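Chain residues, written in single-letter form:
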Amino acid sequence: MTDNLPSMADADSCLSDSQLEVLKKQYIREGEYVTEQTRFNYAWGLIKSKNRREQTQGVLLLTDIYREVPDRRRECLFYLALGHFKLGNYNDARKFNESLLEFEPNNHQAHALRQEIEDRVAKEGYIGMAIVGTVAAVGTIILTSLLKRK
């Protein structure tokens, strides 16, 4: 069952504008009678976009599918986690990914995504600490120079 989900390398790849346009046209063409498969495909394509606004739109569409179509929840969990990861919403990415792992504890893709999330959180934490350290050092230098003038 887990073999249908992509590897992290595939999941991180982006669709071209023309590929996304094909999915969008199909979604629009079906109008009010849009099928769940077309909705899912379009949401998947939006998440694989390079554009943050489109990624957000994909997450919103997948959230609707997740709530409305119980049979698609498993697939939605992974792509919701991936979408939130790409948007930098790491807490939400963790939440959806952990939900998937509760259902499928041996899901290799979800374990790989979990590691990617943790690595990104750690990296951004180190960057944040470096910025705070730099600001503190500059502040100390300025304060020292001001105190020496008095």
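Cut-offs and rules
Residues numbered from 1 in each chain as written. Predicted model: local features only at pLDDT ≥ 70, side-chain atom pairs only at ≥ 80, totals over all residues. Heavy atoms only, no water. Helix = DSSP H or I, 4+ residues; strand = E, 2+ residues; numbered from the N terminus. Buried < 20%, exposed > 50% of the residue type's maximum accessible area, 1.4 Å probe, protein only. Contact = heavy atoms within 4.5 Å. Areas by Shrake-Rupley, 256 points an atom, 1.4 Å probe, with all protein chains shown as cover. UniProt positions renumbered as here; feature names shortened; annotations may be inferred. pLDDT = per-residue confidence, 0-100. Salt bridge = Lys/Arg side-chain N within 4 Å of Asp/Glu carboxyl O. Core = buried A, V, L, I, M, F, W, Y, C linked by side-chain atoms within 4.5 Å. Axes fitted to C-alpha atoms, helices over the stretch in contact; angles between N-to-C directions. Left-handed = near helix turned anticlockwise from the far one by under 90°. Nonpolar A, V, L, I, M, F, W, Y, C, P; charged D, E, K, R; others polar.

Q: Tell me about the overall build of the chain, and please be specific about residues and values.
A: Across its full length, the chain carries seven helices and zero strands. By residue count, 37% of the 150 residues in the chain fall in the buried class. Once local pairs closer than 6 in sequence are excluded, the contacts in the chain between residues at least 24 apart make up 57%. Summed over its atoms, the accessible surface of the chain is roughly 9,500 Å², and 55% of this surface lies on carbon and sulfur atoms.

Q: Tell me about the UniProt feature "repeat: TPR" (unreviewed entry) in the chain, and name the residues and values.
A: Here the UniProt feature "repeat: TPR" (unreviewed entry) sits at residues 74–107. As a span, residues 74–107 carries 82% helix and 0% strand, and end to end its C-alpha atoms are 11 Å apart.

Q: Before we move on, could you go through the confidence of the model for the chain and cite the residues and values that matter?
A: For the chain, the mean per-residue pLDDT works out to 85, and 77% of the residues sit at or above 70. Mean pLDDT across the elements of the chain bottoms out in helix 1 (residues 8–12) (62) and peaks in helix 4 (residues 52–68) (96).

Q: Could you give me a rundown of the pattern of salt bridges, with the residues and numbers involved?
A: Applying the stated criterion across every chain yields a total of six salt bridges. One salt bridge in this structure joins glutamate 104 and arginine 74, with 2.6 Å as the shortest N-O distance. On the criterion of sequence distance, the pair formed by glutamate 104 in the loop between helix 6 (90–103) and helix 7 (108–149) and arginine 74 in helix 5 (residues 73–87) is long-range, its members being 30 residues apart. Across the pair, exposure class does not vary: glutamate 104 and arginine 74 are buried alike. Overlapping salt bridges, with partners in common, bring together Glu36, Arg39 and Glu68 in one network.

Q: Go over the nonpolar core with me, naming the residues and quoting the values.
A: Grouped together as the largest cluster of nonpolar side chains are 30 residues, with contacts concentrated most on Leu62, Ile65, Tyr79, Leu82, Phe85 and Leu113. Only helix 2 (17–30), helix 3 (36–47), helix 4, helix 5, helix 6 and helix 7 provide two or more residues apiece to this core. If you tally residues by element for this core, the top one is helix 5, at nine residues. Not counting chain neighbours up to four residues away, the residues in contact with phenylalanine 85 comprise Tyr90, Ala93, Leu113, Glu116, Ile117 and Arg120.

Q: Give me the lowdown on the packing of helix 2 against helix 3, citing residues and values where you can.
A: Following both chains from N to C, one finds helix 2 and helix 3 inclined at 150°, their axes separated by 9 Å at the closest point. In the packing of helix 2 onto helix 3, the handedness of the crossing is left-handed. Residues Leu20, Leu23, Lys24, Gln26, Tyr27 and Glu30 of helix 2 lie in contact with helix 3, whose contacting residues are Thr38, Arg39, Asn41, Tyr42, Trp44, Gly45 and Leu46. Tallied by class, the residues present in the contact of helix 2 with helix 3 amount to six nonpolar, four polar and three charged.

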